[in-house]
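Structural description and commentary
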Amino acid sequence: MTRNATTSTVLVTGSRGRVGSALVGLLHRRNVPVRAASASPADLTPPAGVEAVRCDLRDPATFPAALDGVGAVFLYADPTHIDAFIAQARAAGVRHIVLLSSSAVLSPDAGANPIAAHHLAVERALAAAAAEGAFDVTYLQPGAFATNALQWAPAIRAAGAVDLPYPQAAGDPLHERDLADAAYAVLTDERLRGASYVLSGPEVLTFAEQLATIARVTGREIRVGTVTPEAWKASVAPYLPAEFADALLDHWRTGAPESLPQPRTVEELTGRPARTFAQWAADHAAAFGGAGQAVA
């Protein structure tokens, strides 16, 4: 544990997700008291000895019990009842909130982008509370998540082909374990509190390059096709709201690889380089129907 590390209980919201579950495990292994929270705690499988509680960010009635005795919170960004969450956190004596935000909030048009606006609303509410001395707030602002590639897994397993509207759109995919490691660092070292950290993977890759990496690591042949933006939007309509799909399409259409910053924040926070996308693909090879290969 790092200098000035917290010994109070950390509440991890969204513990059913990949980042939250990785953070719970990391805190537990390093003897930091942790409470795993989810809207559906019965679906959690935390390490032995870790308490699972219900904390539904869309149900303020679940906040008091979840926050009782908590000193720090890892918080997913949901603006629905953020004011109620802040009020209960203050009442519970929470001293530090680490927000899983997004680098999209840094865009000049963040207020008009539904994805960015979602996170920005939570950032602003927490900033106002911090300015009043309620608690410290640390903002983690990742770019692309490597786990976004899992949306291609069903098509790869079924047909060995993925159709995309912009195969040459680029991102800097971040391994969920790196995000958990960064969260652990800011939760346990008081010197890192109260700042904003833009997080990225170590390399900029187009979608086509990411798929080529998955193919190499898993030993599968993967064909990349191009579809119209309208066809892609229709294909994701069952699970992605139209305004979010439009925001993603705009981002992919206008974003240029050379315009992506490459901060080394993960390395600065954790003391080691961020994991490559090839490492992520090896860690998740089974999802794509491959056995995976060793990655140096």
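Refer to the structure printed above.
Please read these numbers as outputs of a predicted model, since none were measured by experiment.

1. Observations concerning unusual backbone geometry
Working note: non-glycine residues mostly have negative phi, and peptide bonds are mostly trans. For Asn-31, which is not glycine, the phi dihedral falls at a positive 65 degrees. Within the secondary structure, Asn-31 sits in the loop between α1 (18–29) and β2 (34–38).

2. So, the packing of aromatic side chains
Under the counting rule described, the total for this entry stands at 7 aromatic pairs. An angle of 20 degrees between the planes, with centres 5.4 Å apart, marks the rings of Phe-277 and Trp-280 as stacked. Residue Phe-277 and its partner Trp-280 are both found in helix α11 (residues 277–283); the two are separated by 3 residues, about one turn of the helix. The same class applies to Phe-277 and to Trp-280, which are both buried.

3. Brief notes about the packing of α1 against helix α6 (residues 176–188)
Running from N to C, α1 and α6 cross one another at 50 degrees; their axes reach a closest spacing of 8 Å. For the element pair α1 / α6, the angle class is oblique. Considering the relative orientation of α1 and α6, their crossing is right-handed. Judged by residue contacts, Arg-18, Val-19, Ala-22, Leu-23, Leu-26 and Leu-27 of α1 engage Glu-176, Leu-179, Ala-180, Asp-181, Ala-183, Tyr-184, Leu-187 and Thr-188 from α6. Classifying every residue of the contact of α1 with α6 by side-chain character gives 10 nonpolar, 1 polar and 3 charged.

4. Focus: α1
The end-to-end C-alpha distance of α1, which contains 12 residues, comes to 17 Å, matching closely the 16 Å that a straight helix rising 1.5 Å per residue would cover. Those residues of α1 that sit buried are Val-19, Gly-20, Leu-23, Val-24, Gly-25, Leu-26 and Leu-27. Packed against the buried residues of α1 are β1 (9–12), β2, β4 (70–76) and α6. Trailing α1 by a residue or two, Asn-31 shows a phi angle of about 65 degrees, which is positive.

5. Points about the pattern of salt bridges
A complete count under the given rule lists 16 salt bridges for this structure. For Arg-16, the salt bridge is made with Asp-43, and the minimal N-O distance between the two is 3.8 Å. Of this pair, Arg-16 sits in the loop between β1 and α1 while Asp-43 sits in the loop between β2 and β3 (51–54); the two residues are 27 residues apart in sequence, bridging distant segments of the chain. Accessibility expressed as a relative area gives 47% for Asp-43, which makes it partly exposed. Between Asp-181 and Arg-272 there is a salt bridge, with its nearest N and O atoms 2.4 Å apart.

Criteria and cut-off values
Residues numbered from 1 in each chain as written. Predicted model: local features only at pLDDT ≥ 70, side-chain atom pairs only at ≥ 80, totals over all residues. Heavy atoms only, no water. Helix = DSSP H or I, 4+ residues; strand = E, 2+ residues; numbered from the N terminus. Phe/Tyr/Trp six-rings, centres within 6.5 Å; stacked < 30°, edge-to-face > 60°. Buried < 20%, exposed > 50% of the residue type's maximum accessible area, 1.4 Å probe, protein only. Axes fitted to C-alpha atoms, helices over the stretch in contact; angles between N-to-C directions. Parallel < 35°, antiparallel > 145°, perpendicular 65-115°, else oblique. Left-handed = near helix turned anticlockwise from the far one by under 90°. Contact = heavy atoms within 4.5 Å. Nonpolar A, V, L, I, M, F, W, Y, C, P; charged D, E, K, R; others polar. Expected span 1.5 Å × (residues − 1). Salt bridge = Lys/Arg side-chain N within 4 Å of Asp/Glu carboxyl O.

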